[in-house]
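What the coordinates show
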Amino acid sequence: MAASGGGRRGGAGGRGRSGVAGEERYARQLALPGLGVIGQERLAQTHVVVLGAGGLGFPVLTYLGAAGVGRISFIDADAVELSNLNRQALYTPAEVGQRKVSVALERLRNFAPEVNWAGTDAAITLERARGLLANAQLAVDCADNFSARRILAEAARQARVPLVHGAVAGFEGQVAVLPGEGPPCLLCLYPEGQGSQVPPPVLGAVAGVVGSLMACEAIRLLLALGPRRTGSVLLVDVERGTFDWLAIPARSDCPWCSPAVARPRS
Amino acid sequence: MMTVYLKGGGLLREYLQPDVDEYTRRVEVAEGRTLRQILEAIGIRPVHVAMAFVGNRLVNLAYVPSDGETITLRPPVQGG
Ligand SMILES: [Zn+2]
């Protein structure tokens, strides 16, 4: 789990340099309308928590790090398997059997040493999620099962942190942007819940598309760039070539976000 | 009776058995049926449909389609 390639230079809010304006690393994005030096500094002050370092986590971690998010914490409990490599380019065949968090940390620190990276090699629990989210501005759900997603979403609501949710199977995927408080929430999007399945087939490039869109939505949300899509879901079907943004209807009986449903205070 | 078009790609196609085009199945149903009843009538278990939308509106399995409507179905998508 050794950091290398220049090591860390401070994290969110704690850069060792005077600023990002002079950094050649970000030259190609500083000129973007709505980003600029102020946006870049804002990203550098931001802490994002990512659940899952797999097929979606790979593009999300890579592009959030590349964009210059100051602090990125991620959690994953898996080891690298050969069958991961059709979509998870954080890992190589030589690393099969190694802990994902350990391998990913080294690779991401080499790739983006300015970022304060932290990895947790454990399954997510409500307590761990709460701890990770304590000083975060955004949660990103790259999990591979609904129970883990639900835990992150619950902790994010408790911490009033918005959530970018993503999932993929086959040629299809979805990205949802959910508010930290108020409707709608993850349980509004999946009223029937989602049973655990055997790992679905998935084309690596589809996970790449969906994960990249998640990173775009994360950056848009952090910088308030473009139209607000909080409370919406993007349904992607790469085979049919369709991308549909839909509003997520708030459930009047939602146990998490409906004002009409009495909830115990946590 | 009325006609409803069910559309679905990817992992749903094997259950949907499209006939109109590669992704669309034409179904004749009695008026007033819910989407859940329509799916069950053509042998699709509701568990295979995680989401559905009409136009730009998400609907659930209690939705009652009207004549000629196209409903796009989505399978459970939970991988990462
Ligand atoms: Zn809700």
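Look up: the structure comes first, before these words.
First things first, this report covers the structure right here in the doc. Note that the structure is a prediction, hence the values are computed from the model and not measured. (Residues numbered from 1 in each chain as written. Chains lettered and ligands numbered in written order. Predicted model: local features only at pLDDT ≥ 70, side-chain atom pairs only at ≥ 80, totals over all residues. Heavy atoms only, no water.)

Let's talk about the packing of aromatic side chains
Residues and elements named next belong to chain A. Per the counting criterion, the structure on display carries one aromatic pair over all chains. Arranged with centres 5.7 Å apart and planes meeting at 85 degrees, the rings of Phe 146 and Tyr 190 form a pair that is edge-to-face. Of the two residues, Phe 146 is situated in helix H6 (residues 146-158) and Tyr 190 in the loop between helix H7 (186-189) and helix H8 (204-223); the sequence distance between them amounts to 44 residues. When sorted by exposure, Phe 146 lands in the same class as Tyr 190, which is buried. (Phe/Tyr/Trp six-rings, centres within 6.5 Å; stacked < 30°, edge-to-face > 60°. Helix = DSSP H or I, 4+ residues; strand = E, 2+ residues; numbered from the N terminus. Buried < 20%, exposed > 50% of the residue type's maximum accessible area, 1.4 Å probe, protein only.)

Side note on the coordination of the zinc ion
Residues and elements named next belong to chain A. Each protein donor to the zinc ion is listed here as Cys 185 (SG), Cys 188 (SG), Cys 254 (SG) and Cys 257 (SG); together their distances run 2.2 to 2.3 Å. Its four donor atoms give the zinc ion angles of 93 to 126 degrees at the centre, a pattern that matches the tetrahedral case. When the donor residues of the zinc ion are listed from N- to C-terminus, their spacing reads C-x2-C-x65-C-x2-C. For the pair formed by Cys 185 and Cys 188, the shared burial category is buried. (Donors = N, O, S within 2.8 Å, 3.2 Å for Na, K, Ca; no water. Tetrahedral: all angles 85-135°; square planar, octahedral: opposite > 155°, others 65-115°.)

Comments concerning the environment of A:Leu213
All names here are of chain A. Position of Leu 213 relative to the elements: it lies in helix H8. We classify Leu 213 as partly exposed; its relative accessible area is 23%. In this structure, the C-alpha to C-alpha distance between Leu 213 and Gly 166, residues 47 residues apart in sequence, is 8.9 Å. If near-sequence neighbours (up to four positions away) are discounted, Leu 213 is found in contact with Val 175, Leu 234, Val 236 and Phe 243. (Contact = heavy atoms within 4.5 Å.)

Quick look at the pairing of strand S1 (residues 2-7) of chain B
Residues and elements named next belong to chain B. With five of its six residues buried, S1 lies for the most part within the structure. Alignment of S1 against strand S2 (residues 24-29), held across six bridges, turns out to be antiparallel. Looking across to S2, one finds that Leu 6 is bridged to Arg 25. (Pairing = 2+ DSSP bridges.)

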